[in-house]
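# Results of the structural survey
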Amino acid sequence: RDLPRTTQWGYQGSMPGPTLQAVRGEPMLVEWVNALPQQHLLPVDHRIHGAERSKPEVRAVTHVHGARVPADSDGWPEDWLAPGRSVLYHYPNAQDAATLWYHDHAMGITRLNIYAGLLGAFIVRDPEEQALGLPSGECDLPLILCDRLIAQNGQLYYPVSDDPEAPWVSECYGNAVLCNGKLFPYADVEPRRYRLRLINAANARHFNLSLSHRHAFMQIASDQGLLPAPVERERIELYPAERADVVVDFAGMDGQTIELRDQSDAILQFRVRDRGRRDTAALPAVLRAVPRIDPATAVCDRVLTLGEMDDANGGAMMMMLGGKHWSAPITETPRQDSVEIWSLVNVTGDVHPIHLHLVRFQVIERRPFDLFAWNAHRTLKYTGPGVPPPPHEAGWKDTVRADPGMVTRIVMRFEGEPGRYVWHCHLLEHEDNEMMRPFMLL
Ligand code: C2O
Ligand code: CU
Ligand code: CU
């Protein structure tokens, strides 16, 4: 049949781009070349911050999400490249095994560039993880999930607002879920264990994943690597940029088809066929210790709001962090190797997946607070006890779901090289509309 072909952007001519493989302690150089056409694939809304009219529409800069890198290789949003330009980035890979991903981070148009296809997986491995005997090789599959609006003509569509009061679309949701860039693909698997690296690369959608046949996932890792022990889960919720590595056992399911679903929609089919190979992979009961960072060792507790604001000179609503615009002077200035607590006070009605570059953190708790007391006199009054994270969130994270009506408290040690990095909401429409701030590691 003659199916319409959808134009996407990609890295090295593919969407997702090639999976980059790294080993802990083995540094890597990558030359990122902007070979994109002069014209953007999607309509670019110039009213968006940071995107002045004089600058080219097509600008791109790559960030490896979850990588501990020197500031000048992190993909600072304003260090974008025009078409025809390139840059050499250095990745030390001095970090534990984890499923990371790379994606565009260009100022003001990240949501459009990622939507167009600028994303891929980046896997870090290490000897301790290797020694666990987890499924590997062709039984280790990155599954990058995102949703897209596909128009009648088969092309990607990105909604543009014609409301002058609200010139940007505050969340873009698709009508189709892509898995590794494909619509409802299938994977031939054998009746044995597989490791699936689930990555939510969507602009705004959160996935609620399950398997057909009430088959369970054994979650072994979160954003920044292995959990202390596998956690059995029937459903996995993933917010934008979050990852979950799971082991799924297809043993005894020869001849069957298992679906990976988001809510009730099938997004991928596993066709189980026995090709006579024995399963030598294991699922150990103990994975890797995650030593808790003692919150008492924190040198400060930064109280930061996640809020909305009306733009004084346009009337448009913006999302803000700590009540500040991107361009306001830097206020978050942690010292190298110090431990800090960040208390994210969500005064909006929505979930915001908050991501910090450079560091991995631990979730201390989510705690309800009095919104009226906050709005009236900026007093943080807790109205109940803190809820500690469930086991699957008790490992290392780099993106955390900040729930409405809650203060989400995280703790981290600022390991890394001094310099300028960013933290932001990973709901890409929010990120591009002021919900991103710099921080300076001193
Ligand atoms: Cu996924 Cu600022 O990054
Ligand atoms: Cu990042
Ligand atoms: Cu947000």
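Residues numbered from 1 in each chain as written. Chains lettered and ligands numbered in written order. Predicted model: local features only at pLDDT ≥ 70, side-chain atom pairs only at ≥ 80, totals over all residues.

So, about the sheet that holds strand S28 (residues 436-441). What the four strands build is an open sheet, ordered S25-S23-S27-S28; its pairing is antiparallel. For this open sheet the edge positions go to strand S25 (399-402) and S28, each flanked by a neighbour on one side alone. Between one strand axis and the next, the sheet turns through 25° on average, direction left out of account. Examined bridge by bridge, strand S23 (residues 352-356) and strand S27 (residues 419-425) share three bridges and lie antiparallel to one another. Note that in S27 the partner of isoleucine 354 across the bridge is cysteine 425. (Pairing = 2+ DSSP bridges. Helix = DSSP H or I, 4+ residues; strand = E, 2+ residues; numbered from the N terminus. Axes fitted to C-alpha atoms, helices over the stretch in contact; angles between N-to-C directions.)

Moving on, we come to the domain arrangement of the protein chain. Once the domains are mapped, the protein chain shows domain 1 (17-125), domain 2 (137-272) and domain 3 (295-441). The residue inventory of the side of domain 1 that touches domain 3, partitioned by class, reads seven nonpolar, five polar and three charged. (Domains from an automatic or database assignment. Nonpolar A, V, L, I, M, F, W, Y, C, P; charged D, E, K, R; others polar.)

Glancing now at the UniProt feature "domain: Plastocyanin-like" (unreviewed entry) in the protein chain. Under the local residue numbering, the UniProt record ascribes the feature "domain: Plastocyanin-like" (unreviewed entry) to residues 62-128 and 322-440. With 13% helix and 36% strand, the stretch residues 62-128 has end C-alpha atoms that lie 29 Å from each other. Taken end to end, residues 322-440 has its terminal C-alpha atoms 15 Å apart, with 9% of it in helix and 38% in strand. (UniProt positions renumbered as here; feature names shortened; annotations may be inferred.)

With that settled, consider the sheet that holds strand S19 (residues 265-272). The strand order S11-S19-S18-S13-S16 describes an open sheet built from five strands, whose pairing is mixed. The open sheet has two free edges, formed respectively by strand S11 (186-189) and strand S16 (236-238), since each of these has just one partner strand. Geometrically, the sheet is characterised by an average inter-axis angle of 25° between neighbouring strands, direction not taken into account. With six bridges connecting them, strand S18 (residues 257-262) and S19 associate as antiparallel partners. Paired with leucine 260 across the strands is leucine 268, a residue of S19.

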